[in-house]
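For reference, the chains in residue letters:
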Amino acid sequence: MRKGHVVVVMAVLLAALMAGCVGSSGDDASAQPGIGHEALDRLIASGELTPLAEPVVVKIAEDGSPSGAGFYIATERGYFERLGIKPEFVTFASSAYMLPSLAAGQVDVAGGICSVSLFNAIERGLDIKIIADKGKNIPGKSYFDLVIASDKVDEIRELSDLKGRTICITSPGSIDELFVDLALKAGGLTKDDVRYVILESFTEINPALASGAVDAAMHIEPLITQGEKNGILDRWIDATEWAPDFQVAVVLGSPQFVNEKRHVAERFMVAYLLGLRDYYEAFVLGKGTDEVIKIMTEYTPMKDEELWHEVNVVGLSPNGEVIEESIADQLRWFQDMGYFDGEVDLNQVIDMSLVDYAVGLLGEYEE
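Notes on the structure follow. Note that the coordinates shown come from a computational prediction; the quantities given were computed from them, not determined experimentally. (Residues numbered from 1 in each chain as written. Predicted model: local features only at pLDDT ≥ 70, side-chain atom pairs only at ≥ 80, totals over all residues. Heavy atoms only, no water.)

**Considering the overall build of the protein chain**
Reasoning step 1: Of the regular secondary structure elements, the protein chain holds 15 helices and 10 strands.
Reasoning step 2: Since a compact globule built from 367 residues should have a radius of gyration of about 21 Å, the 20 Å found for the protein chain is in line with a globular shape.
Reasoning step 3: In terms of overall dimensions, the protein chain has C-alpha extents of about 65 × 45 × 40 Å along its principal axes.
Reasoning step 4: For the protein chain, the proportion of its 367 residues judged to be buried stands at 58%.
Reasoning step 5: A fraction of 83% describes how many contacts in the protein chain between residues 6 or more apart in sequence connect residues 24 or more apart.
Reasoning step 6: If you sum the accessible surface of the protein chain, you get close to 14700 Å²; carbon and sulfur atoms cover 48% of it.
Reasoning step 7: Charged side chains in the protein chain number 29 positive and 59 negative. The centres of these two groups are separated by 2 Å. (Helix = DSSP H or I, 4+ residues; strand = E, 2+ residues; numbered from the N terminus. Rg over C-alpha atoms; globule rule 2.2 N^0.38 Å. Buried < 20%, exposed > 50% of the residue type's maximum accessible area, 1.4 Å probe, protein only. Contact = heavy atoms within 4.5 Å. Areas by Shrake-Rupley, 256 points an atom, 1.4 Å probe, with all protein chains shown as cover. Lys, Arg positive; Asp, Glu negative; His and termini not counted. Charge placed at Lys NZ, Arg CZ, Asp CG, Glu CD.)

Take a look at the structure:
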């Protein structure tokens, strides 16, 4: 079986295997209590949802990615704690270590992408479930996007103008290449019409654009905003124009967590959705934004609070649902490109039952 070299999209900093906490709780980041406590008050008082009798540690594999906002906010706002859950954040150097640990129940929940590594692991019999949303592009404000060098703006106006150009991606067989392929198809082109340049880290892309080594790149925030401010790149066409409804990242659950620890998983998902709803209110509705930004600076590499007001943030659904058709499309692309030659039954992989449970208690959030 051929394996693609997959780079986790949102990984800006990689820590050693099973490192300690990503962020710290107990500071003034949670000074604003968040909208979720009213919902928890109602559910607990009515008996519809009872906290766990004894606190239970839930291990979350997360690398400090901004798309982990639901985890961070639920921790700092005390949603996990009120339901008897003690979140413990751990990191892995790569999915090669994380996925087996997740399947074995050594980790309960993980953030990830629909990658060749994931599909290979599932085909090998690792019973990993996709259980919730962890990242999409917001229409008109994509955080993961194809950009062009600023000195090429007069030459590259449409997607078809990419013909003959050099485009940077972080790895063959990655979600980067998939995104570029969608852009090429939208412009009537194929991969044979361009030349890929491989740079393993997103941090190398701005220097490559500035030096003229590449004409365009599949890039990510906050480096896009920083590159634009420095006159290095142009955001150009928003990714949702040629790749709408794309599921960039997902929450993965271990079989033990989803099945054997069901009572824990249900309460975890309620708290997680409350975190997502605080995030949505902050960055989409503009309510309590500064307080949520304080939490994000604690847990992610983006420590500049002002930068959070400028970047295109990751889109997170307040109802936690994933775009199942997008996940199926990604699987087909890996197969069509020869990066994955197996078969995976997504009906057995995508499990929205925990999300359905949480939404059933909390009510559907009207976006």
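**Digging into the packing of aromatic side chains**
The geometry of two aromatic rings is summed up by the distance between their centres and the angle between their planes.
Reasoning step 1: In this structure the tally under the stated criterion is 18 aromatic pairs.
Reasoning step 2: Between Y72 and Y299, the ring centres sit 4.8 Å apart and the planes meet at 15°, which makes this aromatic pair stacked. Taken as a pair, Y72 in helix α2 (residues 69–76) and Y299 in helix α11 (residues 289–299) lie far apart in primary sequence, 227 residues in all.
Reasoning step 3: Ring geometry for F268 against Y272: centres 6.5 Å apart, planes inclined by 10°, an arrangement best described as stacked. You can see F268 and its partner Y272 sitting in helix α10 (residues 262–283), four residues apart, about one turn around the helix. Residues F268 and Y272 agree in their burial class; the two are buried.
Reasoning step 4: In this structure an aromatic cluster arises from ring pairing among F71, F80, F257, F268 and Y272. (Phe/Tyr/Trp six-rings, centres within 6.5 Å; stacked < 30°, edge-to-face > 60°.)

**Overview of the environment of F80**
Reasoning step 1: Note on placement: F80 falls in helix α3 (residues 79–82).
Reasoning step 2: For the pair F80 and D215, spaced 135 residues apart in sequence, the C-alpha to C-alpha distance is 46 Å.

**A closer look at the packing of α2 against α11**
Reasoning step 1: For the pair α2 and α11, the least separation of the axes is 10 Å and the interaxial angle reads 110°. It follows that α2 is roughly perpendicular to α11 by the angle criterion. Contacts between α2 and α11 involve A69, Y72, I73, T75 and E76 from the former and V292, I295, M296 and Y299 from the latter.
Reasoning step 2: When the residues that make up the contact of α2 with α11 are grouped by side-chain class, the tally is seven nonpolar, one polar and one charged. (Axes fitted to C-alpha atoms, helices over the stretch in contact; angles between N-to-C directions. Parallel < 35°, antiparallel > 145°, perpendicular 65-115°, else oblique. Nonpolar A, V, L, I, M, F, W, Y, C, P; charged D, E, K, R; others polar.)

**Description of helix α6 (residues 175–186)**
Reasoning step 1: The first and last C-alpha atoms of α6 sit 17 Å apart over 12 residues, in line with the 16 Å expected at 1.5 Å per residue.
Reasoning step 2: The element α6 is extensively covered by neighbouring structure, given that nine of its 12 residues are classed as buried.
Reasoning step 3: Inspection of α6 places I175, D176, E177, L178, F179, V180, D181, A183 and L184 among the buried residues, and these make up the whole buried set.
Reasoning step 4: Looking at the buried residues of α6, the elements they touch are β5 (144–149), β6 (166–169), β7 (195–198), β8 (216–220) and α13 (324–336). (Expected span 1.5 Å × (residues − 1).)

**Some points on unusual backbone geometry**
Reasoning step 1: Of the consecutive residues E221 and P222, the connecting peptide bond is found in the cis state with omega at 5°.
Reasoning step 2: Positionally, P222 belongs in the loop between β8 and α8 (223–229).
Reasoning step 3: One non-glycine residue, W236, adopts positive backbone phi at about 65°.
Reasoning step 4: Relative to the elements of secondary structure, W236 occurs in the loop between β9 (233–234) and β10 (250–253).
Reasoning step 5: Given the relative accessible area of 19%, W236 is considered buried.
Reasoning step 6: With phi around 55°, D245 is a residue other than glycine that occupies positive phi space.

**A closer look at the pairing of β7**
Reasoning step 1: Pairing between β6 and β7: four bridges, direction parallel. Paired with I169 across the two strands is I198, which belongs to β7.
Reasoning step 2: After leaving β6, the chain enters α6 and then returns to the sheet as β7, a path that is right-handed. (Pairing = 2+ DSSP bridges. Right-handed = clockwise from strand over helix to strand, strands pointing away.)

**Notes on the layout of surface pockets**
Unfilled space is identified by rolling a water-sized probe across the atoms.
Reasoning step 1: Taken as a whole, the second largest pocket holds about 350 Å³ of empty space.
Reasoning step 2: For the second largest pocket, the lining is made up of 19 residues, of which K136, N137, I138, P139 and E367 are closest to its centre. (1 Å grid on protein atoms, 1.4 Å probe; cavity = no way out; pocket = protein on both sides within 12 Å on 5 of 7 lines; lining within 4 Å. Points joined across faces, edges and corners; volume = space filled by probe spheres on them.)

**A look at the pattern of salt bridges**
Reasoning step 1: Under the defined criterion, the tally for this structure stands at 17 salt bridges.
Reasoning step 2: The salt bridge involving R82 is made with D41; its shortest N-O contact spans 2.8 Å. Placement of R82 in helix α3 and of D41 in helix α1 (residues 36–46) is noted, with a sequence separation of 41 residues between them.
Reasoning step 3: Residues E155 and R165 are paired through a salt bridge, measuring 2.9 Å at the closest nitrogen-oxygen approach. In this pair, E155 sits in the loop between β5 and β6 while R165 sits in the loop between β5 and β6, placing the two residues 10 residues apart along the sequence.
Reasoning step 4: Here R165 falls in the buried class, since its relative accessible area comes to 17%.
Reasoning step 5: Because the salt bridges share partners, they merge into one network encompassing D151, K152 and D215. (Salt bridge = Lys/Arg side-chain N within 4 Å of Asp/Glu carboxyl O.)

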